[in-house]
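Observations on the model geometry
Read off the chains here:
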Amino acid sequence: MKSTGDGILATFDSLSSSLDAATALVDRLGDLGIPIRAGLHSGEIELREDDVSGTIVNLAARVMDTAGEGEILTTAAIRDGLLGNRFDFSDAGQHALKGFEDSWQLYRLKPTQA
């Protein structure tokens, strides 16, 4: 969707495609010695011409800020939307996210077995 300086903001048509893309980026860039982190959330975004904005975008950015190198963190919206799917998550704990009053339960995407 757009560059955010040293990051990117992307939108997807499905939850699984967002995780596939995040996994591919973390893996491939990590193999090149460029460690990245990813944060994902799902919800209604605000469209403004050729840009997106709103609380959902800000929340995804705060989730990403919480992730460590090589880590993909999500909110329950992503995890719950993929129950029974091929993705596996572990509890990443409750986190206070800048700009949001309540703490948020986050989930770590477990690496796939090769």
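First, a word on what this report is: a plain description of the structure on this page. (Residues numbered from 1 in each chain as written. Predicted model: local features only at pLDDT ≥ 70, side-chain atom pairs only at ≥ 80, totals over all residues. Heavy atoms only, no water.)

Digging into the overall build of the protein
Rules: Secondary structure elements are taken from DSSP: a helix is a run of H or I of four residues or more, a strand is a run of E of two residues or more, and numbering for both begins at the N terminus. Using C-alpha atoms as the atom set, the radius of gyration is obtained and then compared with a globule rule of 2.2 Å times the number of residues to the power 0.38. Contacts are assigned to residue pairs with any non-hydrogen atoms lying within 4.5 Å of each other.
Scanning the protein from N- to C-terminus turns up three helices and eight strands. A compact globule built from 114 residues would reach a C-alpha radius of gyration of about 13 Å, and the protein, at 14 Å, matches this within 12%. With the C-alpha coordinates aligned to their principal axes, the bounding extent of the protein is approximately 40 × 30 × 25 Å. Counted over contacts in the protein with a minimum sequence separation of 6, partners at least 24 positions apart contribute 56%.

Digging into the pairing of strand β7 (residues 89-96)
One face of the sheet, then the other: side chains in a regular strand alternate in exactly this way. The criterion, for reference: Each pair of strands is called paired provided DSSP finds at least two bridges between the two strands.
Pairing of β7 with strand β8 (residues 103-109), which is carried by seven bridges, proceeds in the antiparallel orientation. If you follow Ser-90 over to β8, its bridge partner there is Arg-108. The loop that links β7 with its antiparallel partner β8 comprises six residues; one of these, Gly-99, has a positive phi angle of about 90°.

Considerations on the sheet that holds strand β3 (residues 38-40)
Counted only if it meets this: Helix axes are fitted only over the stretch in contact, all axes being lines through C-alpha atoms; the angle between N-to-C directions runs from 0 to 180 degrees.
Pairing is mixed in the open sheet, where four strands are placed in the order β3-β6-β8-β7. Looking along the sheet, the strands with just one partner apiece sit at the ends: β3 and β7. On average, each strand axis in the sheet is inclined to that of its neighbour by 30°, with strand direction left out of account. When strand β6 (residues 72-75) meets β8, the two strands line up antiparallel, connected through three bridges. The residue of β8 that forms the bridge with Leu-73 is Arg-108.

As for the nonpolar core
What counts here: Put simply, buried Ala, Val, Leu, Ile, Met, Phe, Trp, Tyr and Cys residues joined by side-chain atoms within 4.5 Å make one nonpolar core. Only protein chains enter the area calculation, which uses a 1.4 Å probe; residues under 20% of their type maximum are buried, those over 50% are exposed, and those in between are partly exposed.
Among the nonpolar cores identified, the biggest contains twelve residues, and these are Leu-19, Ala-22, Val-26, Ala-38, Leu-40, Ile-72, Ile-78, Leu-82, Phe-87, Phe-89, Tyr-107 and Leu-109. Secondary structure elements with two or more residues in this core: α1 (15-31), β3 and β8. It is α1 that provides the largest number of residues to this core, a total of three residues. Core analysis: the second largest hydrophobic core is formed by eight residues, Val-63, Ala-67, Ala-92 and Leu-106 among them.

Things to note about helix α2 (residues 55-66)
Convention followed: Each residue after the first adds 1.5 Å to the expected span of a helix.
A rise of 1.5 Å per residue sets the reference length of α2, with its twelve residues, at 16 Å; its end C-alpha atoms lie 17 Å apart and thus fit the reference within 8%. Buried residues along α2 sit in contact with β2 (8-9), β3, β5 (51-53), β6 and β8.

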